[in-house]
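If you want the building blocks of each chain, they are given just below.
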Amino acid sequence: MTPRGFSQPLYVLPFDHRGSFQSKMFGWEGALSDSQTAQIAAAKQVIYDSFQKAVADGVAKEKAAILVDEQFGTAILRDAAKQGFHFAMAAEKSGQEEFDFEYGEDFAKHIESFAPTFCKVLVRYNPEGYPELNRVQGARLKRLSDYLQKANHSLFMFELLVPAERQQLEKVGGDQKAYDAQLRPGLMVQAIEQLQAAGVEPDVWKIEGLDRREDCEKMVATVRRDGRKNVSCIILGRGEDDKKVSEWLATAASVPGFIGFAVGRTDFWDPLVNWRAGKIARDEAVAQIAGRYREFVDLFESTKNVGKPE
């Protein structure tokens, strides 16, 4: 089946972090109490309030979107639907090396319960990795892809991470930055091609940051090959600092087919940490997160497809 695709501007504020949020933001491990769950949900509400402020302050509603999880964000998902925002919800188990459904065989019921604009998965997939792992993941992802197309309620958003295999790192002397610059772009193309061949058909691909315009162009050519003309890419922030994220966004924005971004931790992490520590008031945290999100929107808009018509 050919994906439906999505080619309109899309500026995502993602805060679907679960395991990492619990352990790194709050320092909690293991099963959570009701009180702990409520505290994490309250922190995510701060981010959602920031998103709403950014829209109220001028970010176009039709271009804006959130990404949040059901575990801590049920109320947010319900409100986003009620208010007519674009919203995505996570379908994968958090922190797993191998993709699997958060709610197992009930995954479809949970998607249908919220009817998100996008159903999102995060997948770690190296085309030169363990073949059986890739095959198993591909089969599960095809099942989700087929379901979403048949149900025709939510679009498919695919966050592709390509972690380095040991032998790949050895090729670049163990230098992660060299891997990211020299090897990862080509491996990402191979991964997308393998997943497409397995019948996995996202409408939007979330792509790790790329330093070179030509690599962004290759990503678009790959996701749109063989008639997938409406499929698009958005660029990830990967929790990097403002400078690096700005560089990635500017590079991607100049390439037709990159329709936006998903930048989360770079927007919200420091303001949330400072709010929880009592260093700033809640309203100030909301304002800071909203301001950062708006700055990235303005950056992408100002450099979007410069000199290169779609």
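Residues numbered from 1 in each chain as written. Predicted model: local features only at pLDDT ≥ 70, side-chain atom pairs only at ≥ 80, totals over all residues. Heavy atoms only, no water.

## A few points about the sheet that holds strand β2 (residues 64-68)
The parallel closed barrel is built from 8 strands, whose spatial order is β1-β2-β3-β4-β5-β6-β7-β8. Along the sheet, successive strands turn relative to each other by an average axial angle of 25°, direction set aside. Along the sheet, helix α5 (residues 131-151) makes contact with β4 (118-124) and β5 (155-161), crossing β4 at roughly 170°. (Pairing = 2+ DSSP bridges. Helix = DSSP H or I, 4+ residues; strand = E, 2+ residues; numbered from the N terminus. Axes fitted to C-alpha atoms, helices over the stretch in contact; angles between N-to-C directions. Contact = heavy atoms within 4.5 Å.)

## Overview of the side chain of E159
Within the fold, E159 resides in strand β5. By relative accessible area, E159 is classed as buried at 10%. With sequence-adjacent residues up to four places away left out, E159 is seen in contact with K120, V121, L122, V123, K206 and L236. (Buried < 20%, exposed > 50% of the residue type's maximum accessible area, 1.4 Å probe, protein only.)

## A look at helix α9 (residues 242-253)
Taking 1.5 Å as the rise per residue, α9 with 12 residues should run 16 Å; its terminal C-alpha atoms sit 16 Å apart, in good agreement. For α9, the set of buried residues is V245, W248, L249, T251, A252 and A253. (Expected span 1.5 Å × (residues − 1).)

## Re helix α7 (residues 176-197)
Maximum bend of α7: about 50°, positioned at L183, with proline P185 one to four residues after it. Of all the residues in α7, the buried ones are A178, Y179, D180, R184, P185, L187, M188, V189, A191, I192, L195 and Q196. Looking at the buried positions of α7, the neighbouring elements they touch are α5, β5, α6 (166-171), β6 (204-207) and α8 (213-223). Backbone geometry just after α7 places G199 at a positive phi near 90°. (Bend = angle between axes of the 7 residues up to and from the residue.)

## With respect to the side chain of K120
Topologically, K120 is positioned in strand β4. There is a polar contact of 2.6 Å between the side chain of K120 and the side chain of D16. (Polar contact = N/O pair within 3.5 Å; in protein donor to acceptor, adjacent residues only side chain to side chain.)

## A closer look at the pairing of strand β7 (residues 232-236)
Burial within β7 is extensive, with 5 of its 5 residues counted as buried. Here β6 runs beside β7; their pairing, made up of 4 bridges, is parallel. Each bridged residue has a counterpart across the sheet, and for K206 the counterpart in β7 is I234. In this view, the connection linking β7 to its parallel neighbour strand β8 (residues 258-262) by way of α9 has right-handed handedness. (Right-handed = clockwise from strand over helix to strand, strands pointing away.)

## Concerning a negative patch on the surface
Side chains of E240, D241, D242, D270, E295 and D298 sit close together on the surface and give a patch of like negative charge. In this structure, D241 sits in the loop between β7 and α9. (Patch = residues over 30% accessible without salt bridge, like charges linked within 9 Å, V, L, I, M, F, W, Y side chains within 5 Å. Areas by Shrake-Rupley, 256 points an atom, 1.4 Å probe, with all protein chains shown as cover. Salt bridge = Lys/Arg side-chain N within 4 Å of Asp/Glu carboxyl O. Lys, Arg positive; Asp, Glu negative; His and termini not counted. Charge placed at Lys NZ, Arg CZ, Asp CG, Glu CD.)

## A word on unusual backbone geometry
Although it is not a glycine, A115 adopts a positive phi angle of roughly 45°. Checked against the element boundaries, A115 lands in the loop between α4 (107-114) and β4. In this structure A115 comes out as partly exposed when scored by relative accessible area, which is 42%.

## Topic: the pattern of salt bridges
One pass over the full model with this rule turns up 29 salt bridges. Of the charged contacts in the structure, one is a salt bridge between E92 and K120, with a shortest N-O distance of 2.7 Å. Taken together, the residues span a long stretch of sequence, with E92 in the loop between β3 (86-90) and α4 and K120 in strand β4 at a distance of 28 residues. K120 shares its class with E92; the two are buried. Across the pair K120 and E159 runs a salt bridge, and its minimum N-O distance is 3.8 Å.

## Focus: the environment of V297
Position of V297 relative to the elements: it lies in helix α11 (residues 282-303). Accessibility expressed as a relative area gives 6% for V297, which makes it buried. Spatially, the C-alpha atom of V297 lies 16 Å from that of K206, the residues being 91 residues apart in sequence. When near neighbours in sequence (up to four residues on either side) are disregarded, V297 contacts Y11, V59 and F261.

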